Amino acid sequence: MPKTQTKEGYGNMRKVYFGLLGFAVVLSANATTKTVGKSGAEFTSIQAAINSFTEAEVTDGQPDVVEIIDGETYDEQVVIGKLIADPAGTGQGEGYLDAAINLAKRSDPFTLRGRDPNNRPKINPVNVEGMPYGVFTNDPGDNFVATLSYLGINLTVENIEILQASVIADDQYGLNGQAGNMVFRNVLFALEGDKQPGEALINFNNAIDIAGQGFDNSYTFENCTFDATFNGERNAAVDTIYFHGYSQGDADAAGIDPANVPVNVKFINSRFINSDTAVYIRGRAQANNVTFQNCYITKSNHGLRASGKGTFVVENCIFHDNMNLPDDIDRDLGAVETVGREGFTPELTIRNSLFVDNMSADAASMAGTGGWDSRAAAVRIQNDGTNPKVTIENCTFVNNPIAIRFADSSARPREGSVNNNIFQNSNVAVLTASDFQQSYFAAADIIDVLVVTGTNNVFDGNAVVVEDNDKLPNVNLQGTEASVTFTNTTINPADPFAGPPYRVASGAPAGVGADLSGGTPVPDFMLY
């Protein structure tokens, strides 16, 4: 088991899940189901059960299910879809996956699940030959080794632990493939052992030719845990979740407009622990749509990152004790970050979320410094050639040296609105446009292209609200100064939403700051 793994979930973040689980069981009553277990089941191997489905069975209009009846560890690679092992080594040529792609497009919905959500089976290949697979049908040399590889449409994985020990290959992933409408529920993704994964623990492939055929990288993660702990510490080398983005060259070769294949990824009621980068969804002119709801992000270096065109939405989340090691403040880090790429950054919306004790190891030393002395912030907005809107509303920021940083040494236009928030104990600034390497003021002394308005905010104990406000004539954060108290100032890592934490007791009017007592309504879970 991973060294920091806790049991299946935490408190009220899981209540809706089990209701949906019962609903899913009813829906799968007419499915073609094959069982796996160390004893008392049809198969003792997960892969053997998957391979046993005939083409007639997977195209008969009935959902297909592989159910693991126990909570044992399965020492095997698992492949969903008719991917071909070692395509380069077996001499495959261009189009080698065409038949697999065609079958996947015609196949019934498929589910791989553990029977007991409180006793999840584990997939952890350690004593097998690591076989590479790929999803680029015209490039058999582009392949990967992973614990779970996949190619399909309407796939579900639930009540399982997907572990990655990097024993079968130095560049092993935990999860790698490409799918359309793939759902993960109650899944733990974690490292196991003392070797790092390849590029990332989880990688979404970027074959745009099959994205245009329905394998469009649309994913939903519900009640999942992403534990990147390495040797008991925060991971310092690889991303937890990564998508590179489609290249224009590949798009032109495939005759596909990237605008027609947006990547849609949604994380609900999930937690991210000890990541180097928790999530990095990259894009270019192609628009990605990335959403986080009711998630907990803690002890990460980079938190949630997105680049390129599209939308980046964060709602009802907790960001606690990220950038928590000494000197993290000196790097371009944020609990939430937008990143420029080829002239594009996404439209950013953050609502009803908590940012507490981020940059904690550097906080004391930051007192009395300016934004030009550092690079990190709770929210770091790196600009690029376009001007998508930034909206930050009904959030609570407590004990973050810098709450919001705009960074762009080319001083390109950016607009934002910051309304109904609480900012407490920012000992450098609530908002700055300075940065050690990417300061707006590197381009000019007076910056009028940064236009940020704010109303109805509450400020408590901050060193300054807007740093160098006289040089930022169009940045105006309005609000009141008041001493704010909260009903619960403890965030329990085992149940971070319990309480809920940091609900206003006094000092701020109703409707200002975050209130995480409401939860997410059931319809929000039905994304696809």
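Below or above, wherever it landed, is the structure these notes cover.

### Remarks on the overall build of the chain
In step 1: Looking only at helices and strands, the chain has 7 helices and 34 strands in total.
In step 2: Taking 528 residues into account, the globule formula puts the C-alpha radius of gyration at 24 Å, and the chain, at 23 Å, falls close to it.
In step 3: In terms of principal-axis extent, the alpha carbons of the chain reach across some 70 × 50 × 40 Å.
In step 4: In the chain, buried positions account for 60% of the 528 residues.
In step 5: Side chains of the chain carry 34 positive and 63 negative charges; the gap between the two charge centres is 3 Å.

### So, helix α4 (residues 98-106)
In step 1: What α4 keeps buried is the set A100, I101, L103 and A104. In an axial view of α4, the angular spread of the buried residues amounts to 165°, which keeps them on one side of the axis.
In step 2: Here the buried face of α4 lies against α3 (55-58), β7 (146-164) and α5 (208-211).

### Description of the packing of aromatic side chains
In step 1: What the rule picks out here adds up to 24 aromatic pairs.
In step 2: When the centroid spacing of 5.6 Å and the interplanar angle of 65° are considered together, the rings of F221 and F226 count as edge-to-face. With respect to class, F221 is no different from F226; both count as buried.
In step 3: Judged by centre distance (4.7 Å) and plane angle (5°), the rings of F226 and F272 are stacked. Remark: F272 occurs in strand β14 (residues 271-273) and F226 occurs in strand β11 (residues 225-227); sequence separation between them is 46 residues.
In step 4: F226 sits in the buried class, given a relative accessible area of 0%.
In step 5: We note R305 situated over the ring of Y280; from NZ or CZ to the ring centre the distance is 4.5 Å.

### What about the side chain of E161?
In step 1: In this fold, E161 is placed in strand β7.
In step 2: Only 3.3 Å separates the side chain of E161 from the side chain of R120, close enough to count as a polar contact.

### What to know about the state of the cysteines
In step 1: Applying the stated criterion to the full structure yields 0 disulfides.
In step 2: Among the cysteines around C224, which has no disulfide bond, C295 carries the closest sulfur, lying 9.5 Å off.
In step 3: Here C224 falls in the buried class, since its relative accessible area comes to 1%.
In step 4: With no disulfide partner, C317 has as its closest neighbouring cysteine sulfur the one in C295, 4.7 Å distant.

### Structural notes on the nonpolar core
Within soluble globular proteins, side chains that are nonpolar tend to cluster in buried spots.
In step 1: Within the largest apolar cluster, 103 residues are counted, with the highest numbers of intra-cluster contacts made by F189 and F292.
In step 2: No other element matches strand β8 (residues 173-191), which puts 7 residues into this core.
In step 3: The residues touching F189, leaving out its near neighbours within four places in the chain, are I162, L175, F184, L201, I202, F221, C224, T225, F226 and D227.
In step 4: Counting residues in each nonpolar core, the second largest holds 18 residues, with L97, F144, A146 and L151 among its members.

### Some words on the environment of L103
In step 1: Here L103 lies in helix α4.
In step 2: Setting aside anything within four residues of it in sequence, one finds L103 in contact with E55, V58, T59 and K82.

Definitions and limits used
Residues numbered from 1 in each chain as written. Predicted model: local features only at pLDDT ≥ 70, side-chain atom pairs only at ≥ 80, totals over all residues. Heavy atoms only, no water. Helix = DSSP H or I, 4+ residues; strand = E, 2+ residues; numbered from the N terminus. Rg over C-alpha atoms; globule rule 2.2 N^0.38 Å. Buried < 20%, exposed > 50% of the residue type's maximum accessible area, 1.4 Å probe, protein only. Lys, Arg positive; Asp, Glu negative; His and termini not counted. Charge placed at Lys NZ, Arg CZ, Asp CG, Glu CD. Arc of directions from axis to C-beta. Contact = heavy atoms within 4.5 Å. Phe/Tyr/Trp six-rings, centres within 6.5 Å; stacked < 30°, edge-to-face > 60°. Lys NZ or Arg CZ within 6 Å of the ring centre and 35° of its normal. Polar contact = N/O pair within 3.5 Å; in protein donor to acceptor, adjacent residues only side chain to side chain. Disulfide = S-S within 2.5 Å. Core = buried A, V, L, I, M, F, W, Y, C linked by side-chain atoms within 4.5 Å.

Interpretation in functional terms is not warranted from these geometric data alone.
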